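Chains, contacts and geometry: an overview
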Amino acid sequence: MSAFPATDTRQDMRLVPAALACWLAALGGLLLGWWTAVAAGLASAVLAGLVLWRARDRPRALSAAAALLVLGLVAAGPVAWRIRDAQQDALRAEAAQGLPAVLRVVVAERPKPVRGAGYADRQAGARSVVLAADVRTASVDGRPVSSSGRVLLLAPVAQWASLLPGQEVTVPGLLMPPRGSDLTVAVLSVRGPPGEPGPAPWWQRVAAGLRAGLHDLCQALPDEPAGLLPGLVLGDTSALSPRVEQEFVTAGLAHLTAVSGGNLAVACGAVLLLLRLLRLGPRLSAVAAGACLAGFLVLVGPEPSVLRAGVMAAVALLALALGRRGSALPALAFAVCLLVVVDPAMATDFGFALSVCATAGLVLLAPRWAGGLVRRGVPPGVAEGLAIPLAAFLVTSPVLAGMAGSVSLVSVLTNVLAAPVVAPATVLGVLATVTGPWWPGAGEFLVHLADPEARWLITVARHGARAPGAVIAWPGGWWGGLLAAAVLAVLVLAARRRRVRLLMAVLAAGALLVLVPVRVLAPAWPPRNWAVVECDVGQGDAVVLATAETGRAVVVDTGPEPGPVDECLHRLAVDRIPLLVLSHLHADHIGGLASVFDGRAVGGIAVGAGRAPEWAWRQVAAEAARQAVPLVELNPGERLAWPGLSLDVLGPRYVPARSAGQDGTTINNSSVVLRAETAAGRVLLTGDVELAAQADLLADIGDLKAEVLKVPHHGSRYSLPSFLAAVAPRVALVSVGAGNTYGHPNKSTMDTLTALGALVTRTDVDGDTAVVTDTAGPAVARRGEPRGPPRR
């Protein structure tokens, strides 16, 4: 049986013009000024008046014009006035001066953690949260200021993560101007804890307990599924690893961790199905499903896509209770109208736009395409499985392109593969959430039942993200989205002609026949005879040294976070690592440690004599114990050898006593320094050694000359010209993150290397960089796909 009733192919469009007019008026008001909303609303009202005057004998046109008239006047009045209040709020003017302020606010949303990659002695993870709040009273630089606007708080995660919507708190901090085009009047940077916190509503406390309970139950699962399941069920990605999060974005599956209509449909649909099996009436079923809907909305929080789906579902349940067949499109249009009027900031929210577009595509396009496939002999289930993700991809691509600055080319396939397990995982997760507090054993059992589904989604996302050409770059922002929409519109219109469709099919088939074999059978990466690869891991280090045995290599450092080093090793087809060396224990060198073990045999982990910072040493020791690999210490003078590769330990020459305080420079100077003999010549691996350690190496080592230099400390200014001259490299590898805020690499260091005749490469420009053997000496090959700016 088809999931789309026959009546779904013809939708009631009367509310659509009003919804579009209201949305566009609010969008124009937020982007261009409140007066734009007034002009757009009045224009809509005038147009509606003309239709009402000329279409007296057409009831459907009259009702559409009446809705447009009402919404036009609302947009020109209350919506424009709300935008004007925010744009002329007194606190906005004070924020432009960066003054200190004390605000009494009511928390409007759950705090959202802001994760960052580790660097130096700062551990990776969330260090701050972002939360929206409504101002009750304000004092700026000791002066009272009248404001009732919404502010955004940037606050420490440890002290603010537990706050709940509805709590009233006093907040001292430093004002900053808002960046987005919404109703936010100011941003407040907060350093201390919330002051005089009031009580949260009882239902928010219950919801927080349920969310925490699901996280506790998921601790019985491996790390990645444990972080994904709360995201699938509740949209709570606080425990989701950055690696999995990025893979879901690349594979076009990010919508699965943002609660939307799909989650509500599954939850409410399960309740309706159960009550139908019990033969209860439609009104009682609608009331029960409505209670489920209200509870679910409180549980997941007032996200734009959730509110849109909730209002739409409420309209559909009301129609069910009244005994009327509802229509999805009028419900969607009503949801858009209501939410934009209540909160005009929805108009510029990418998540809201994504949700609305996806629903519209599923309502308008998917039934028609599925019906067309069925008429051509495709089984109904297969037709719907193809039509739904294809329709969703088509209508959401412009929004995603503008939001992410890229387009996923594998999202249709990944969504087809993911679809069968999404509903079971959601139902099991919801049941675990509500049963866990009073029956933990049952909750844990349900979580274990959802584990295979979560693992399958991670597998689909990981392989989709690894596919050649999975993502293409695209201009970001609103103009990028409009450009993508224009391109898709041209393609859709062109595809209506049979000859054009045939030409497009031939071109697509030709591209598949030519490009895929080239990328798979004769890939451009890795290059043949590679000896050393500097992996692009962002703002951190990871170097791979080949041995004479295919698939076997030594790895030095692992970058700041899991994922990038694993992807680099996967591209190099490295599955055996006899030794993993950590030059020192700063976060940007050990953060990716766990992912190195993913599908690989590791012989041991080697470290230097340093044990600071302590949290990093404990983390490394715990990972070694968990993986059951030996943890060994390297000392100057030792030599290690494998077929085709040998390592001499040159440093550190000096390590302070562990009882002494060690700052970042001291830890950097305790880096393990290695000289590798490779097929491409000598390679000097320097970790992050700075001036003192470089001077020690100059004084104690007679011959530092090497064909290849891993430039110390990401090319910072703390490099002795005499040290660089003693090495005299032909190739200088700089591992550095794009857009980093540390000033790396330093221009004077780069100029010194260039003056010495070295070929300088940078991972922020070149991506993964390989040194290959050549008859004339070492040569360089660049993968050319650098990672984006590091997370902050």
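For the structure, check the block above.
A brief structural summary. All residue numbers refer to position in the chain's written sequence, counted from 1. With the structure being a predicted model, the display of local features is reserved for residues of pLDDT at least 70 and the display and counting of side-chain atom pairs for 80 or more, all residues being used for whole-chain, interface and lining totals. As a rule here, side-chain values come from all non-hydrogen atoms in the structure, and water together with hydrogens is ignored.

Turning our eyes to something else, we now look at helix α10 (residues 282-300). Think of an α-helix as 3.6 residues a turn; residues three or four steps apart then line up on the same face. Segments assigned H or I by DSSP are reported as helices when at least four residues long, segments assigned E as strands when at least two residues long, and all are numbered from the N terminus. To estimate how far a helix should extend, the number of its residues minus one is multiplied by 1.5 Å. Over its 19 residues, α10 extends 26 Å from the first C-alpha to the last, a length consistent with the 27 Å expected when each residue adds 1.5 Å. For every residue, the accessible area obtained with a 1.4 Å probe (protein chains only) is divided by the maximum for its type, and the residue is called buried under 20%, exposed over 50%, and partly exposed between those limits. Where α10 is concerned, the buried positions are Ser-285, Ala-286, Ala-289, Leu-293, Phe-296, Leu-299 and Val-300. In an axial view of α10, the angular spread of the buried residues amounts to 145°, which keeps them on one side of the axis. Seen from the buried face of α10, the exposed residues on the opposite side, beyond 90 degrees, are Arg-283, Val-287 and Ala-291. Just past α10, the residue Gly-301 takes up positive phi, approximately 100°. Comment: arc refers to directions from the helix axis out to C-beta atoms.

This next bit is on unusual backbone geometry. The peptide bond linking Gly-651 to Pro-652 adopts the cis configuration, its omega dihedral lying at 15°. Within the element layout of this structure, Pro-652 appears in the loop between β19 (645-651) and α24 (664-669). For the peptide bond that leads from His-744 to Pro-745, omega is -10°, which places it in the cis range. Mapped onto the elements of the fold, Pro-745 is located in the loop between β23 (731-734) and α27 (747-755). The backbone phi angle of His-714 is positive, close to 60°, even though this residue is not glycine. Mapped onto the elements of the fold, His-714 is located in the loop between β22 (708-710) and α26 (721-727). Phi at Ala-728 is positive, roughly 50°, even though this residue is not glycine.

The subject of this paragraph is the sheet that holds strand β20 (residues 673-678). Across a sheet, paired strands are connected by hydrogen bonds in the backbone, their directions being either parallel or antiparallel. At least two bridges found by DSSP between two strands is the condition for calling them paired. If you walk across this open sheet you meet the seven strands as β18-β19-β20-β21-β22-β23-β24, and the pairing is mixed. With partners counted over all chains shown, the strands left at the sheet margins are β18 (639-642) and β24 (759-762), one partner each. Direction aside, neighbouring strands of the sheet carry axes that sit 20° apart on average. Pairing analysis gives four bridges linking β23 to β24, with the strands arranged parallel. Angular values range over 0 to 180 degrees, each being the angle between N-to-C directions of two axes fitted as lines to C-alpha atoms, with helices fitted over their stretch in contact.

So, on to the state of the cysteines. Only a pair of cysteine sulfur atoms within 2.5 Å qualifies as a disulfide here. For the coordinates displayed, the defined rule picks out one disulfide. Between Cys-535 and Cys-568 runs a disulfide, and the two sulfur atoms are separated by 2.1 Å. Residues Cys-535 and Cys-568 share a disulfide whose torsion about the S-S bond is about -70°; that sign makes it left-handed. Here Cys-535 is found in the loop between β10 (530-534) and β11 (543-546), whereas its partner Cys-568 is found in helix α20 (residues 564-571), with 33 residues between them in sequence. Across the pair, exposure class does not vary: Cys-535 and Cys-568 are buried alike. Here Cys-337 is not disulfide-linked; the sulfur of Cys-22 is the nearest cysteine sulfur, at 5.7 Å.

What follows covers the nonpolar core. Take the buried residues of types Ala, Val, Leu, Ile, Met, Phe, Trp, Tyr and Cys, join any two whose side-chain atoms come within 4.5 Å, and each joined set is a nonpolar core. Formed by 62 residues in total, the largest nonpolar core has its most connected members in Leu-91, Val-105, Val-151, Leu-153 and Trp-160. Of the residues forming this core, the biggest block, nine residues, is contributed by helix α12 (residues 328-342). Setting aside anything within four residues of it in sequence, one finds Val-151 in contact with Leu-91, Leu-103, Val-105, Leu-131, Ala-132, Ala-133, Val-135, Thr-184, Val-185 and Ala-186. Counting residues in each nonpolar core, the second largest holds 42 residues, with Ala-207, Leu-232, Leu-256 and Val-430 among its members. Working rule for contacts: check all heavy atoms of both residues, and any pair within 4.5 Å makes them a contact.

That's the geometry; what it means functionally is another story.
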